[in-house]
Amino acid sequence: MNRKLSVLLFSRKAWVFPYVAFAALFIVLPLLLIVGFAFTDETGAFTFENFSNFFAQSEAIHIFVYSIGIAIVTTVFCILLGYPAAWILSQSDMNRSQTLVMLFILPMWVNILVRTLATVALFDFLRIPLGEGALIFGMVYNFIPFMIYPIYNTLQKMDKGYIEAAQDLGAAPWQVFLKVVLPLSLPGIVSGIMMVFMPTISTFAIAEILTLNNIKLFGTTIQENINNSMWNYGAALSLIMLLFIGITSIFNSDDKEHSNEGGGLW
Amino acid sequence: MQTENYIIEINQITKVFGEKTVLDDISLKIKRGEFVTILGPSGCGKTTLLRLIAGFHAPTAGNISINGEDITLVPPHKRPVNTVFQRYALFPHLNVYDNIAFGLKLKKLTKQQIDRKIKASLRMVGMIDYEDRDVDSLSGGQQQRVAIARAIVNEPEMLLLDEPLAALDLKMRKDMQLELKEMHKNLGITFVYVTHDQEEALILSDTVVVMSEGKIQQIGSPTDIYNEPINAFVANFIGDSNLFDGLMLRDKQVRFCGVDFECVDEGFGEGVPVDVVVRPEDLYIFPTSDAAQLTGTVQSCLFKGVHYEMTVLYNDYEILVQDYHPYQPGQEVGLIIKPADIHIMRKERMANVFAGKIVDDRHVEFLGRTFECPAISGVEAGTTVRVEVPFNGITLQANEEDGTLVGEVQSILYKGDHYHLNVLSDWDEQVYVDTNDVWDNGDRVGIRVVGEKIKILTP
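It should be emphasised that the depicted structure is a prediction, and the values quoted were computed from it without experimental measurement.

Moving on to the overall build of chain A. Per the secondary structure count, chain A includes 13 helices and zero strands. Going from the N terminus to the C terminus, chain A shows its helices and strands as α-α-α-α-α-α-α-α-α-α-α-α-α. With the principal axes as the frame, chain A shows a C-alpha extent of 70 × 70 × 35 Å. When contacts within chain A are restricted to residue pairs at least 6 apart in sequence, those whose partners lie at least 24 apart make up 72%. With an accessible surface of roughly 15300 Å², chain A has 70% of that area assigned to carbon and sulfur atoms. Put simply, chain A has 12 plus and 16 minus side-chain charges, and the middle of one group is 14 Å from the middle of the other.

This is the structure:
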């Protein structure tokens, strides 16, 4: 083997190649395709029609806004339920918290569709009608581990010295929480929001199953369009959603620069 | 009433963490306005004691009162004390101003009051223009100052300081020591200061509390502690010292290093083993002559800035001497110790004593193991007895497997010609060993007991 080739093969740089190839093929190329489809019509000619269609259709915008609303409600519920759980986890001793974290993560091992179908079965069994309530329940149930884990992480890494310092300076337990613990765990909450909010905007399977297809989310609309071979319009909707998520994440990363510990899965 | 002078009274506090007794029956009274230092090696329980005062732990037994009021179970936020933490614990999400304002805002003071107090406290610690700074952008010394400002701004009756200078470099530490002393004078409040640095303790304090292994060894003024150490531990821990095993022959007469010396201590009894301490600066060193009490050879000579520090070998004893005049290694020198400079201390123990149980006429069980011992007669198997093992009846092995049980070296005293070690066995009992071998604190060692030296004390 000539020397140059062996250097190339065994140098560290060479190892990057498979990943670059993978990323190019399965991430960059599809994104370019989305952009391409979004700005063309069925014949392949350049057009803004797909976007103007979207903004012209009050139903599409309504679904978009409704999806964001559902995502916000889900995220808020996840915070309200997940934060205390993360707090309890971070307070319990090591062995017990490991088990508890495991219990929270365990449902994630089951496929999301199976879990959602099981939720339907449960609602049927309890004779609770499916619909918006079931949808939110299903979303929270599916995404809450993504909220708990990053918050748990930041809480657990938090120096207990800060809590003691606050107590020492005269803060009652609730003041310690509001003035020290909560602000210091903000990076974890932000990570959690990213982990929950973004995927909830684009879900469609949960909505379909838990509302018997009565409630449409934005993800559902995209999926329907693609399924019905309306690739260009579907791509435009995807692009709108991508931009929206992109904007929220830029908004979030601003915050993260100050807190050196994001502490999440992100 | 006498009690009114005391701001805090600690009564027979015991604190147990899991299996470990960290504080063992501690009683301490601190006068209002005093600068008290709690001094001891790491792991002696000094920080735990401070945390009990601050309220972060509840004692297992005993009580604490501040201003005559029992506060044993009062949560930390209701105690009239503030703490400067070892690692500062400044809130990273708040700037300097808001860190200091934290306590004041909780007290619902007006903005103007808060502002005035913060300005005053920043002036006190010399950090006037730093209000808007991020705490992460400050150096260690500056963070320390902010931490102090954050505590004193609340005008506590007592300020607790947990090794506040430990993380600073030497120069910075010296400056801060002076400033702390100055601050104490200006504020007029009680300072309780925890440190492992004996020099710091001597410089700063009105009263030093020396702790070791969860117990208070000695309470006294810095000069008392230095000049009249109560036992070998204190003598060794505070300042440089020569420590010897001695024998009190009679009043005012003590033998150590194989020589009889005149001393000023009385009342120990006749023929009683004692610990003897001689400070290196208290030895007179001169070219050998008939006047010498001890004649030895200089082994090493180090220049220490102001004085020279020399080791003199006399028979098998290494003696540390400090003098302004150097004597070169190899030189024969004479030494004289004045009677008043010989400090005699009661030995805490003469030998190891363990609770044991007779197994058969040649074996006894103690420290969780069975040992062969000299023949026992007239004692039934199963009888509980006291077992005495002299310090030289125990040997330490570098290889843990070579010992009957394993232990960790906890403290070392140099006695001139041998080391006196305190080893915590895995059976959780202290084993005291005399040895010529050099060990380090924290060494894991195998412990062996010399069978012939075991003495059974029948109940």
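Following the structure, the description resumes.
In total, this model carries 31 aromatic pairs over all chains according to the counting rule given. Ring centres 5.0 Å apart and planes at 45 degrees place the aromatic pair A:Phe22 and A:Phe26 in the tilted group. In this pair, A:Phe22 and A:Phe26 are both assigned in helix H2 (residues 12-38), four residues apart and thus about one turn of the helix distant. Side by side, A:Phe22 and A:Phe26 carry an identical accessibility label, which is exposed. Both rings, one in B:Phe256 and one in B:Phe261, keep their centres 4.4 Å apart while their planes meet at 10 degrees; by these two values the pair is stacked. An aromatic cluster is defined as three or more aromatic residues linked by ring pairs; in this entry it consists of A:Phe54, A:Phe55, A:Phe64, A:Phe218 and A:Phe244.

Counting 73 residues, the largest nonpolar core has B:Ile8, B:Ile10, B:Phe91, B:Phe102 and B:Met158 as the members making the most contacts within it. Looking at this core element by element, the count peaks at twelve residues for helix H7 (residues 132-157) of chain A. Those residues in contact with B:Ile10 that lie beyond four places of it in its chain are B:Ile26, B:Ser27, B:Leu28, B:Leu49, B:Ile53, B:Asn63 and B:Ile64. Core analysis: the next-biggest nonpolar cluster, separate from the first, contains 34 residues, B:Ile100, B:Ala101, B:Ala147 and B:Ile152 among them.

The subject of this paragraph is the interface of chain B and chain A. Taken residue by residue, the interface counts 20 residues in chain B and 18 residues in chain A. Summed over both sides, the interface of chain B with chain A buries roughly 1700 Å², with 64% coming from carbon and sulfur. In this structure, the connection of chain B to chain A is made through two salt bridges. For the interface between chain B and chain A, the tally reads six residue pairs in polar contact (both at pLDDT 80 or more). Of all the secondary-structure elements, those providing two or more residues to the side of chain B that touches chain A are helix H1 (46-54), strand E6 (81-84) and helix H2 (96-106) of chain B. Across the side of chain B that touches chain A, the residue classes break down as eleven nonpolar, six polar and three charged.

Quick notes on the rules
- Residues numbered from 1 in each chain as written.
- Chains lettered and ligands numbered in written order.
- Predicted model: local features only at pLDDT ≥ 70, side-chain atom pairs only at ≥ 80, totals over all residues.
- Heavy atoms only, no water.
- Helix = DSSP H or I, 4+ residues; strand = E, 2+ residues; numbered from the N terminus.
- Contact = heavy atoms within 4.5 Å.
- Areas by Shrake-Rupley, 256 points an atom, 1.4 Å probe, with all protein chains shown as cover.
- Lys, Arg positive; Asp, Glu negative; His and termini not counted.
- Charge placed at Lys NZ, Arg CZ, Asp CG, Glu CD.
- Phe/Tyr/Trp six-rings, centres within 6.5 Å; stacked < 30°, edge-to-face > 60°.
- Buried < 20%, exposed > 50% of the residue type's maximum accessible area, 1.4 Å probe, protein only.
- Core = buried A, V, L, I, M, F, W, Y, C linked by side-chain atoms within 4.5 Å.
- Buried area = accessible area lost by both parts, 1.4 Å probe.
- Salt bridge = Lys/Arg side-chain N within 4 Å of Asp/Glu carboxyl O.
- Polar contact = N/O pair within 3.5 Å; in protein donor to acceptor, adjacent residues only side chain to side chain.
- Nonpolar A, V, L, I, M, F, W, Y, C, P; charged D, E, K, R; others polar.

All we've got here are geometric facts, nothing functional implied.
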